[in-house]
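Okay, here's what each chain looks like letter by letter:
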Amino acid sequence: MSKLVKKIKPNVIASPKGMHDILPADQPLWEKVRKAARDVAAYYNFSRIDTPILEKAELFTRTLGEVSDVVEKQMFEVKTKGGDSLILRPEGTAPIARSYIENGLSHLGQPVKLYYEGPMFRYEQPQAGRFRQFHQAGFEIISNENDTVYDIQIMLSCYRLLEDLKLKEVGIQINSTGCQRCRPGFRKKLLDYYRPKEKSLCGDCSRRLKVNPMRLLDCKVPSCVELKKDSPNILDGLCFDCKRHFKRLLEFLEETKLPYSLNQYLVRGLDYYSKTVFEMFAGGFDYALAAGGRYDYLIDSLGGRQSPGVGGAIGLERVIEVIKAKEINLVGKIKPKLFMIHMGDLAQIKAIGMIEELRRANIDVRESLGKESLKAQLKMADKFKSEWALILGQQEVFEQSIIIRDMKSGAQETVPLKKAVDVIKRKLR
RNA sequence: GUGCCCAUAGUGUAGCGGCAACACUAGAGUUUGUGGAACUCUCAUCACGGGUUCGAAUCCCGUUGGGCACCCCA
């Protein structure tokens, strides 16, 4: 038979755009960040919740807003065989609100404090700190009362998490976006201010003027920024309730000494926010590491009983990017002090047995049992900076013994296999 | 969605129309049961597809992916 088959290198398949592997080298840092989030959640008494990665489209169109960018152009759609379409969740709050209603979580006792962590998806152009699949950890507090103390607890949770990750100089920007009572009045004031100037607005802004005037405050086009200077301040237009809520938030911020600054132009792109909104930044990075706000009507809009809530989410990729850029060292390497070495097939069998015995004794050991030569294995032991090498050769197997080698001094002692674990225990102490 | 830049070993780079090179990493070894040094060897049909050319990693087009910015956002 002749070999007619040409060696053809199949096209290399790349990961989808904006979606990345988290490689082994990065896993310790990721785990550190996730653990920090879990610890903060535990300290402030948040219970973990996991919701499906797919949700019905309506959940997001109804809560985030039909004309929000996330809904208009960033929805990641999955068609089912039945012809329905599902959406890869772009954020965590709406699904939790859905679950809260569906599972009657109000029965958990007020307030309901929930924490989550997992992948989110948005169909957009990847760039600095921005991916199609990214990860968030988040905190939500839902209760009967829209008590400002919950706002500060959310901000504290987010802030402490960043602090625990050794991120220094984190700044918090806050604003109030008003409520259903005062926002219409402010919208009108905005419109009154901007309508006569419509011709000088950028294209996006003149469109926003019609669909979502609040977003005019967010524009970064220089000419619009100039116009913004004299625009009505949202804080002046707040109703009595919102004003009181905001004032109280400031008192809490003073008490907790969180480094905040007012930003009257901070309006977030998701419709469900009301009253408090905030974003947290690390010095030198222009994307928010964490953000959130209050959502007094979210549960309502999904058909649940009126239950105000407040929440915040932390972008894990962004946090990790900043940690790396600032060369913050969070991960200490755990290195087992023992290294198992074998010579020959028989010894390889015994070596496996020995490792299992060590495991039962709760002793960490590293190995490179796929390698054959003693040299290569010693080299590995050295690379891992092992303190002792356990060496099993033909002769040791035959004698029912094992060599314990001190890697620093090179001194070796041969001990009976039966006593090996005890001797090792003593050495490790 | 739009605009600009980019793509050569696992990583970082050289090669600029004529034999794909260097460093690091990884693997094997330097006479067979003892590591850290040194040395030797191995690892790429130059992202993919097409075109121009006697000849393409190199020039052109397309695709995919990456980076940055806008929009928006964690």
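Presented here is a report on the structure given in the accompanying data block. (Residues numbered from 1 in each chain as written. Chains lettered and ligands numbered in written order. Predicted model: local features only at pLDDT ≥ 70, side-chain atom pairs only at ≥ 80, totals over all residues.)

1. Brief notes about the sheet that holds strand E15 (residues 401–406)
Pairing in this open sheet of 5 strands is mixed, and the strands run E13-E12-E14-E15-E16 from one edge to the other. Single-partner strands in this sheet number two, and they are strand E13 (365–367) and strand E16 (412–416). For this sheet, the mean inter-axis angle between neighbouring strands, taken without regard to orientation, is 30°. Of the strand pairs in this sheet, strand E14 (residues 388–392) and E15 are connected by 4 bridges, and their pairing is antiparallel. By the bridge assignment, Trp388 is partnered in E15 with Asp406. Strands strand E12 (338–342) and E14 of the sheet are contacted by helix H13 (residues 374–383), whose axis makes an angle of about 175° with E12. Against the sheet, helix H15 (residues 417–428) engages E12, E14, E15 and E16, with an angle of about 130° to E16. (Pairing = 2+ DSSP bridges. Helix = DSSP H or I, 4+ residues; strand = E, 2+ residues; numbered from the N terminus. Axes fitted to C-alpha atoms, helices over the stretch in contact; angles between N-to-C directions. Contact = placed C-beta atoms within 7 Å.)

2. Side note on the protein's contact with RNA strand B
If you check the shell around RNA strand B, you find 60 residues, and the closest are Gly269, Gly315, Leu378, Gly393 and Gln395. At the level of secondary structure, the elements contributing two or more residues to the surface near RNA strand B comprise helix H3 (69–73), strand E6 (133–142), strand E10 (290–294), strand E11 (309–315), helix H11 (316–325), H13, helix H14 (394–399) and E15. Element by element, the count of residues in the surface near RNA strand B is highest for H13, at 6 residues. When the residues that make up the surface near RNA strand B are grouped by side-chain class, the tally is 25 nonpolar, 14 polar and 21 charged. (Near = placed C-beta within 6 Å. Nonpolar A, V, L, I, M, F, W, Y, C, P; charged D, E, K, R; others polar.)

3. A closer look at the packing of helix H5 (residues 148–164) against helix H9 (residues 240–256)
Orientation of H5 relative to H9, taken along the N-to-C sense of each, is 45°, at an axis distance of 9 Å. The pairing of H5 with H9 is recorded here as oblique in orientation. The handedness of the crossing between H5 and H9 comes out as right-handed. For the pair H5 and H9, contact is made by Thr148, Val149, Asp151, Ile152 and Leu156 and by His245, Arg248, Leu249, Phe252, Leu253 and Thr256, respectively. (Parallel < 35°, antiparallel > 145°, perpendicular 65-115°, else oblique. Left-handed = near helix turned anticlockwise from the far one by under 90°.)

4. A word on the nonpolar core
With 72 residues, the main nonpolar core has Met155, Cys158, Leu162, Met280, Leu289, Ala290 and Ile314 as its most contacted residues. Broken down by element, the residue count for this core peaks at 9 residues, all from H5. Ranked by size, the runner-up nonpolar core spans 19 residues in total, among them Ile341, Leu392, Ile402 and Ala420. (Core = buried A, V, L, I, M, F, W, Y, C linked by C-beta atoms within 7 Å. Buried ≥ 20, exposed ≤ 12 C-beta atoms within 10 Å, placed from the backbone.)

5. As for the environment of Leu253
Here Leu253 shows up in helix H9. Take Leu253: there are 19 C-beta atoms within 10 Å of it, and that puts it in the partly exposed class. Considered as a pair, Leu253 and Gly283 are 30 residues apart in the sequence and their alpha carbons are 20 Å apart. Look past the residues within four positions of Leu253 in its chain and what remains in contact with it is Ile152, Leu258 and Tyr260.

6. Things to note about the sheet that holds strand E4 (residues 85–88)
Taken in spatial order, the 3 strands of this open sheet run E2-E4-E3, and their pairing is antiparallel. Looking along the sheet, the strands with just one partner apiece sit at the ends: strand E2 (54–56) and strand E3 (76–79). Averaged over all neighbouring strand pairs, the angle between strand axes comes to 45°, with direction disregarded. As paired strands, E3 and E4 are joined by 4 bridges and run antiparallel to one another. Each residue of the ladder has a partner; that of Val78, found in E4, is Leu86. Helix-sheet contacts for helix H2 (residues 57–64) involve E2 and E4, and the interaxial angle to E2 is about 70°.

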